[in-house]
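If you want the building blocks of each chain, they are given just below.
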Amino acid sequence: MSVKPKKAVENLPPYKAARSSESVKLEYGLESVLKLSANENTLGFSPKVQEALKKVDSYYPDRAGTALRTAIAKKYNVEAENVILGNGSFELIQLLSIAFLENGEETIGAIPSFGWYKTTTTFCGGKFIGVPVKDFKVDLTGIASQITEKTKIIWLCNPNNPTGTIIKENELTDFLSKIRSDILVVLDEAYIDFVEEEGFPDSIELLKKFDNIVILRTFSKADGLAGLRAGFAIAEKGIINILNRIRIPSNASSAAQLSALAALEDSDFKKKTVQNASEQKKVWYKFFDTYGLKYIKSNANFIFFDVIKSWLFKKDNFFYVHSVNLIKAYGKVRYTMTNTNYLYGLNPCSNFNQWDQMALWQAMQTPNPNSVSFKGTSSTQAASSTNAANQTT
């Protein structure tokens, strides 16, 4: 083409999303597939959300998101002026990069972690500095060591995706106390509802002491609104004011706002989702322990584990394990928790910060899951039955 894009964008690879359910069904000849690669809520969303969607009309949405921002502010004991809505966390991360990054400035984040931090930094003309996780945890000491006069934003995914580990409150408070106050620290807490480990930070309380932090939350995971795109940020009023100047006026649709309001009112559905994930993690921990697979106990709705560079596929009534070359992956994958009425096969998915991310897909549904066996080949062992619990969802 004759028109040249910005240099920062020209060589930027497109964001590589996970494969769609339809493409997997076609390739493997499956009638139904449950996509787990994006950590979505396989239980769907609250019946109250379904009712709320009936109220969507033909008018533009409330561009200020008044009712939803007020409800969020009330829940977290802040003012509505401390809240901004977003088209999920994706948009909010992008807005932060656009608003605060000058050409040549730097952002820092963990590797592996959410890849959008690097993408938005790059297309805004900045440089992303990746710091490898240490013992699968975000290395705050390592991040602090990379701070320079050019550092503008630090991205902290907590719990971290894809490892499921957390930064504890004493660690975060110590970190925030030592770094410059003119560095924006973004606390991406998309998976906060699934945290089980003690010591997780009360970021809302920390905001009273540190006015350079931005807290990101989403309705996509525990609330099941991934398809409706509803997220929000809580921060000091001046930061929110800046973000409001550059956001799309109607960035949160009427459907998203009404659905999120309904989700806020249905704590029972969220509790059901969180309980289901917790119970299924225990089932999988037992499986991993039994068959000697290394894993990381998770504070999210997924588990990061080692499959010894192998993958499972369905043939007849069995799941077989075959070798697969995972470049730079060391055989590690992330599995999203769901109900155990299904069995799943592994399928290589999109590259995830230079670690091969893999997704688990529903390979078959059976009235009697225990009648389906797992068989292992190569050096990997698999279970004769992973369905220790036949959960009703």
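Since the structure is predicted, the reported quantities are computational estimates derived from the model, not experimental observations.

Enquirer: I would appreciate a short explanation of the layout of surface pockets in the present structure.
Expert: Any space left empty among the atoms is revealed by the rolling of a water-sized probe across them. By volume, the second largest pocket is sized at about 310 Å³. As for the second largest pocket, its lining consists of 14 residues, and the residues nearest its centre are Val-138, Asp-139, Leu-140, Thr-141 and Glu-171. Residue assignment for the lining of the second largest pocket shows that the elements contributing at least two residues are α7 (140–145) and α8 (169–178). Take the lining of the second largest pocket: its biggest share by element is four residues, from α8. The class makeup of the residues in the lining of the second largest pocket is six nonpolar, one polar and seven charged.

Enquirer: Where do I start with the side chain of Ser-220 in this structure?
Expert: Tracing the sequence through the fold places Ser-220 in the loop between β6 (213–218) and β7 (231–235). Relative accessible area serves as the criterion here: at 5%, Ser-220 is assigned to the buried category. For Ser-220, the side chain forms a polar contact with the side chain of Arg-229, separated by 3.3 Å. Residue contacts for Ser-220: discarding those within four places in its chain leaves Leu-225, Ala-226, Arg-229 and Ala-230.

Enquirer: I'm lost on unusual backbone geometry in this one. Help?
Expert: It is generally the case that most residues other than glycine have a negative phi and that most peptide bonds are trans. The linkage connecting Ile-111 with the following residue, Pro-112, adopts the cis geometry, with an omega of 0°. Structurally, Pro-112 can be placed in the loop between β2 (106–111) and α6 (116–123). Residues other than glycine seldom take positive phi values, yet Asn-77 does so here, at roughly 60°. Exposure remark for Asn-77: the relative accessible area of 65% places this residue in the exposed category. One non-glycine residue, Asp-135, lies in positive phi territory at about 55°. Residue placement: Asp-135 occurs in the loop between β3 (127–132) and α7. A relative accessible area of 64% means that Asp-135 is categorised as exposed.

Conventions we followed
- Going along each chain's sequence as written, the residues are numbered from 1 onward.
- For a predicted model such as this one, the threshold for reporting local features is a pLDDT of at least 70, and the threshold for listing and counting side-chain atom pairs is 80 or more; totals across whole chains, interfaces and linings nevertheless cover every residue.
- Hydrogens and waters are ignored; side-chain quantities use all the structure's heavy atoms.
- Detection works on a 1 Å grid of protein atoms alone, calling trapped sets that fit a 1.4 Å probe cavities and calling open sets with protein on both sides within 12 Å along at least five of seven lines pockets, with lining residues defined by an atom within 4 Å of a point.
- Grid points are joined across faces, edges and corners, and a volume is the space filled by probe spheres set on the points.
- Strands here are runs of E lasting at least two residues and helices are runs of H or I lasting at least four, both read from the DSSP assignment and numbered beginning at the N terminus.
- Lys, Arg, Asp and Glu make up the charged group, whereas Ala, Val, Leu, Ile, Met, Phe, Trp, Tyr, Cys and Pro make up the nonpolar group; the residues left over, Gly among them, are polar.
- The cut-offs for exposure are 20% and 50% of the maximum accessible area for each residue type, with area from a 1.4 Å probe on protein chains only; residues under the lower value are buried, those over the upper are exposed, and the others partly exposed.
- In the analysis that follows, any N or O atom pair within 3.5 Å is treated as a polar contact, provided that within protein one partner can donate a hydrogen and the other can accept it, and provided that, for residues neighboring in sequence, both atoms belong to side chains.
- Only heavy atoms matter for contacts: two residues are in contact if any of them lie within 4.5 Å across the pair.

Read these as geometric descriptors, not functional statements.
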